[in-house]
Amino acid sequence: MLALALSLMVVSLITGNPIYQVAVILAAAVLAFSAGVFKQWSSWWKLCLVIFVMALVINPLVSRYGATVIWRGPHVPVFGHLFITAEAVAYGAGMGLRLSAMIWVFALITLTVDPDNVLGLLRGRGAKSALVSALTMRMVPTMMSDAGDLLDAQRSRGIVSDNGGRMAALKSRLPLVKRILKTSLDRGVSLAEAMEARAYGSGPRTRYRDYGFKAGDAAALVAALVILGVGIAGVAAGFLSFTYYPTLSMHFEAGTAAFFAVPVVAAFALLLLSEIWKRSNWLRLRV
Amino acid sequence: MEEIELVEIEGLSYWYPGQDAPALSDVSLRLEPGEFVLLVGASGSGKSTLCRAANGLVPHFYGGRIAGSVKVAGMDTSACEVKDLARVVGMVFQDPENQLVSENPVAEIAFGLENIGLDRVQMRKRVEEVMASLRLSGLRDKRVSELSGGQKQKVALASVLAMHPQVLVLDEPTSQLDPISAEDFLSTLKSLNDELGLVVMLAEHRVERCFHFADRVVVLDGGRIAFAGTPAEMASWSSGQRWVMLPPITRLFLDGADSVPPLTVKEGRMKVAELAAGNGHLQDTVAPEVGPSREKGPGKKRRREPAQISTSGLWHVYGDGTEALRGVDLEISRGEFVAVIGENGSGKSTLVKHFNGLLKPSKGKVMVGGRNTRDVEVAELARTCGMLGQNPNSQLIADDTQGEMEVTLKAMKVPEGDWDRLTAEALDLLEIGPFLHRNPEDLSCGERERVALASVLVYKPEVLVLDEPTRGVDQQTKERLSAFLREYNARGNTVILVTHDLEFAADCCGRVLLMGAGQVLADGDKHTVLAESLFFTTQYNKCFRGIAGGVVTRDEALRALEVIR
């Protein structure tokens, strides 16, 4: 999943073509569905929308490129004469889409990749730092709930106030930082004690889990390589080129559509494979 | 050849670094094979320290000075390291959050095995075996952060068991759990002791759940062993003591001048039946003074003035879709003392968080002091409704007790002229005068709880809401707390208590609210609600059921006992 998501991200970075971005988002949606996290994944739409709108609004205002002027504004100091071009709007939309695609893919990684597994890949080198990172992941939910309790308690005392502006709210929360740090430190010490009581540091450790390669991983890796390869090829061959300035233009021929389809098809293929995998004992016993 | 004792403590004294007073002084204790030893004592009596001495954390992890000797399986703990002792002595700590290192239960159980360098085949066998025996297999694919407190603590136990220790040391393992998980955990321990012959040393304040199955009870007082013997001997011994760490039932009969008191509810019930049969008393003649108090409750006179807190059609749905409250209609009048009881996840805490606006209703309405909570911010509502959460550590943020109270007074916009008077009154009520200039962090758990309470009580809110104030608190502290709350209530204030501790609730409340699945299941006078419940009732009631049905509190039980005797 990690490889797959990373390849989607790279592809989305290297191509500027907005239609391809849509394809990437679609592929991510299919993958999220097959991983069973579609609901949480789709809840990221708010962030994507905000980013998209920001890119859409800001770019035309600051960009001075593009040939088709659709609005001529007043003269503003520093910025000079304001004008908005259709191309700049389109570019803003394209940028927004690209950023959204990145966020969706990032959401997918966050939701599906178990930190322990990623750290497992780093075995051999830096076992200690792997452990530290695993512990961090483990303590984050605890610390969040500690902080929630603390905030509730202080709100109940009227010490943390809900209104009165951002600065006031921030100021009223400052004394809490000390307490949170103290609590975390206490937890850390207790944890160290518990680890020692379970023989941590007795010499060379063995590993319980085998992070070996499974058939499913191979399929995912193949799909990732296909997406990446086709994406790069498409860019190199100019199939996926899309230019915004000075006027919008896109290279389009029969092959282009096929390129767009690749990430989506790959994702669907994986979904299909995983469904077959779940249902077929025959396949499971033979692979 | 002489048999090697598993744990042999000889004349042990220990001083934490920078402390003049010893945490343990001249403690000698020998754990026999297959023994279940229960360690009791008030907080700060040295239970935790003694537990840590058995696996070398004291003195290796903490430093400090040590005198005397501790031998584990023939090894002197001062001469070898904690990690070597870990294979013989497994230890489970108080807070499950502070001892789990991994996000996955299987990886967690394997952690200790990885540390001692076991090969994969053996590890797999041990992990699976332990998971099956503690019935944890269903949690295999869960994340640790999704587990309940009880499940987390069982994972912690499993991870220790997988290392095949010969001695199991547990430092108040159930103090963070609700009574049902706690009972489950303790009976698991019991069966490990029975079937595997594991030596168990358990420090515990919830004695009613494990007292009867201990082979030996060791009482610690101020770092010394005050008593060691069987539970029955301990019960007789403690008859003359000023504080007692006994199950409520045992204590009841002891105070009723019984020389051989029962240790469990079952024994108590049999004894009561025996006495009642011998005297030929009938059900109605017992507990005569219970009657009049029943009618008090929310009397008709009070009904006329508008309720201080009322909810109508209150629903609360959390962000993840959990329906925590499902249509709660409720009225609480000024001056009532209400206990909210019910199992975990029944919506108790969610309900009371609506009373000061920390949570707003998803549907329905909550009125507090005539104001709709939706329109008023928390800081404003807090002036009427003071709330103390479960964890006193979240409450305390100042450097000393005085600062703690002044922070609240300032936030509540109390005129500065009144500060001295109010602080003095709170100090007096909660008897925390000596801690005025001490940092709450240096206080014991029970003392801290009182300081936290002071930080709310100081501005005298008309409504006081407490969420599980007795969790992890010893008997003595509990009794004082009950007295403070009744006193505060007697001054005309409303007190609302969320608790699992039914004996505590019955002791101080007038009205009981039983919640389940986000709804109010029963609401009324404590005698009605508790006496009608099969499970959600006090040990006293369970003991006198069928003979004196109205008995709910300790005082009533004592009176009933006098009558039938």
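Because the structure is predicted, anything quoted here is derived from the model rather than measured.

A closer look at the overall build of chain B
So, point 1. Within chain B, the secondary structure is distributed over 23 helices and 20 strands.
So, point 2. Relative to the compact-globule value of 24 Å for 565 residues, chain B shows a C-alpha radius of gyration of 25 Å, a close match.
So, point 3. With respect to the three principal axes, the spread of C-alpha positions in chain B is 80 × 60 × 50 Å.
So, point 4. Scored against the burial criterion, the 565 residues of chain B give a buried share of 52%.

Quick word on the sheet that holds strand β10 (residues 224-229) of chain B
Residue and element names in this part refer to chain B.
So, point 1. In spatial order, the strands read β6-β7-β8-β3-β9-β10; together these six strands make up an open sheet with mixed pairing. Since the sheet does not close on itself, it has two edges, and those belong to β6 (89-92) and β10, each with one partner. Taking the axes of each pair of neighbouring strands and ignoring which way they run, one obtains an average angle of 15 degrees across the sheet.
So, point 2. As judged from the four bridges shared by strand β3 (residues 36-40) and strand β9 (residues 216-221), these two strands associate in the parallel manner. The partner of V40 across the bridge, within β9, is V219.

Overview of the domain arrangement of chain B
So, point 1. Once the domains are mapped, chain B shows domain 1 (7-247) and domain 2 (391-460).
So, point 2. Relative placement of domain 1 of chain B and domain 2 of chain B: their C-alpha centres are 34 Å apart.

Considering the interface of chain B and chain A
So, point 1. If you look at the interface, chain B gives 54 residues, while chain A gives 45 residues.
So, point 2. At the level of secondary structure, the elements contributing two or more residues to the side of chain B that touches chain A comprise α3 (82-85), α4 (105-115), α5 (120-133), α6 (149-161), α14 (378-381), α15 (392-395) and α16 (401-411) of chain B.
So, point 3. A per-element tally of the side of chain B that touches chain A places α4(B) first, with seven residues.
So, point 4. Looking at the side of chain B that touches chain A residue by residue, the class counts come to 27 nonpolar, 18 polar and nine charged.

Remarks on the confidence of the model for chain B
Residue and element names in this part refer to chain B.
So, point 1. Per-residue confidence for chain B gives a mean pLDDT of 87; residues scoring 70 or more make up 94%.
So, point 2. Counting contacts from residues 285-302, a segment whose pLDDT is below 50, to residues more than four positions away or on other chains yields 28 contacts.
So, point 3. In the predicted assembly, ipTM is 0.84 and pTM is 0.77.

Brief notes about the nonpolar core
So, point 1. Counting residues in hydrophobic clusters, the biggest one holds 180 residues, and the most contacted among them are B:L39, B:A158, B:M201, B:V340 and B:L497.
So, point 2. Sequence-distant contacts of B:V340, defined by excluding residues within four places in its chain, comprise B:K348, B:L351, B:V352, B:I496, B:L497, B:V498, B:L513 and B:M515.
So, point 3. Within the second largest apolar cluster, 33 residues are counted, among which are A:A23, A:V24, A:A32 and A:A220.

Criteria and cut-off values
- Residues numbered from 1 in each chain as written.
- Chains lettered and ligands numbered in written order.
- Predicted model: local features only at pLDDT ≥ 70, side-chain atom pairs only at ≥ 80, totals over all residues.
- Helix = DSSP H or I, 4+ residues; strand = E, 2+ residues; numbered from the N terminus.
- Rg over C-alpha atoms; globule rule 2.2 N^0.38 Å.
- Buried ≥ 20, exposed ≤ 12 C-beta atoms within 10 Å, placed from the backbone.
- Pairing = 2+ DSSP bridges.
- Axes fitted to C-alpha atoms, helices over the stretch in contact; angles between N-to-C directions.
- Domains from an automatic or database assignment.
- Contact = placed C-beta atoms within 7 Å.
- Nonpolar A, V, L, I, M, F, W, Y, C, P; charged D, E, K, R; others polar.
- pLDDT = per-residue confidence, 0-100.
- Core = buried A, V, L, I, M, F, W, Y, C linked by C-beta atoms within 7 Å.

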